[in-house]
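What follows is each chain in one-letter form.
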Amino acid sequence: MPMITVEYVQGHLTAEQKERLAEEMTHVILQIEGGADTPEGRSIASVRFRAIAADDWYIGGRTDDTFVSASGKFLVELNVPEGSMDQSRKSECHGAITAAVLKVKGIANGEGAARSVWVQIFEWPEGHLATSGRTSALFGIARLAGIPMDHPLLAFPRSYFEAKHRMLDAHAFPASTAGRSLVSLEDGK
């Protein structure tokens, strides 16, 4: 259930560019999240745009383009379930999102071209997100998107939650502590 928010300077993206960027980012995040570019996967992937007034965005203490790279000013926030990505996948995501911005803006990825494109990845803790009035879980979301429980990309999340459970158990946290995997790690149920 990846969600992306793209902040940009008002007037610096056309409606057509936003449409292309939304498609590029949807494809990127679905591929990185498990290759589930399916109708089910798309139904839970969101991209939204937030325009910021030019006089409200400073870089280097200025609102003009003195310190802005060719790409323009962008802050892209990607929200994903806790434990869904190891560091290499996060880095892959950083690069792919930046490349999508440059592609849509028609800018070659040369030295410093994307210096003003920032990508932040936020992980929401297991049990902190809901849809349809029900608490969502990483492995439940994967199942909904059509990702088999034995898919190689779920190896890291499984290992992550197993380690987290061991740590919580070792310190006598209650079984109902938020942040534990809400879906059985043994069988993905």
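Presented here is a report on the structure given in the accompanying data block. On a predicted model such as this, the values are computed, not experimentally measured, just so you know.

Reading across from one edge, 2-1-3-4 is the order of the four strands in this open sheet, with mixed pairing throughout. Of all the strands in the sheet, just strand 2 (46-52) and strand 4 (117-124) have a single pairing partner and so form its edges. Taken over all neighbouring pairs, the strand axes of this sheet differ in orientation by 15° on average, direction set aside. One ladder, built from seven bridges, connects strand 1 (residues 3-9) with strand 2; its direction is parallel. Looking across to strand 2, one finds that Val9 is bridged to Ile52. Its contacts with the sheet place helix 1 (residues 15-33) against strand 1, strand 2 and strand 3 (74-81), and it is angled at close to 135° to strand 2. Across the sheet, helix 3 (residues 87-105) touches strand 1, strand 3 and strand 4, and the angle it forms with strand 4 is around 140°.

For the rest of this paragraph, the subject is the packing of aromatic side chains. Enumeration over the complete set of coordinates arrives at four aromatic pairs. Ring geometry for Tyr8 versus Phe49: centroids 6.3 Å apart, planes at 80°, classification edge-to-face. Note that Tyr8 is positioned in strand 1 and Phe49 in strand 2, a separation of 41 residues in sequence. A relative accessible area of 5% places Tyr8 in the buried class. For Phe49, a relative accessible area of 24% corresponds to the partly exposed category. When the centroid spacing of 5.1 Å and the interplanar angle of 90° are considered together, the rings of Tyr160 and Phe161 count as edge-to-face. With a relative accessible area of 28%, Tyr160 lands in the partly exposed category. Classification of Phe161 as buried rests on a relative accessible area of 0%.

Thresholds applied
Residues numbered from 1 in each chain as written. Predicted model: local features only at pLDDT ≥ 70, side-chain atom pairs only at ≥ 80, totals over all residues. Heavy atoms only, no water. Pairing = 2+ DSSP bridges. Helix = DSSP H or I, 4+ residues; strand = E, 2+ residues; numbered from the N terminus. Axes fitted to C-alpha atoms, helices over the stretch in contact; angles between N-to-C directions. Contact = heavy atoms within 4.5 Å. Phe/Tyr/Trp six-rings, centres within 6.5 Å; stacked < 30°, edge-to-face > 60°. Buried < 20%, exposed > 50% of the residue type's maximum accessible area, 1.4 Å probe, protein only.

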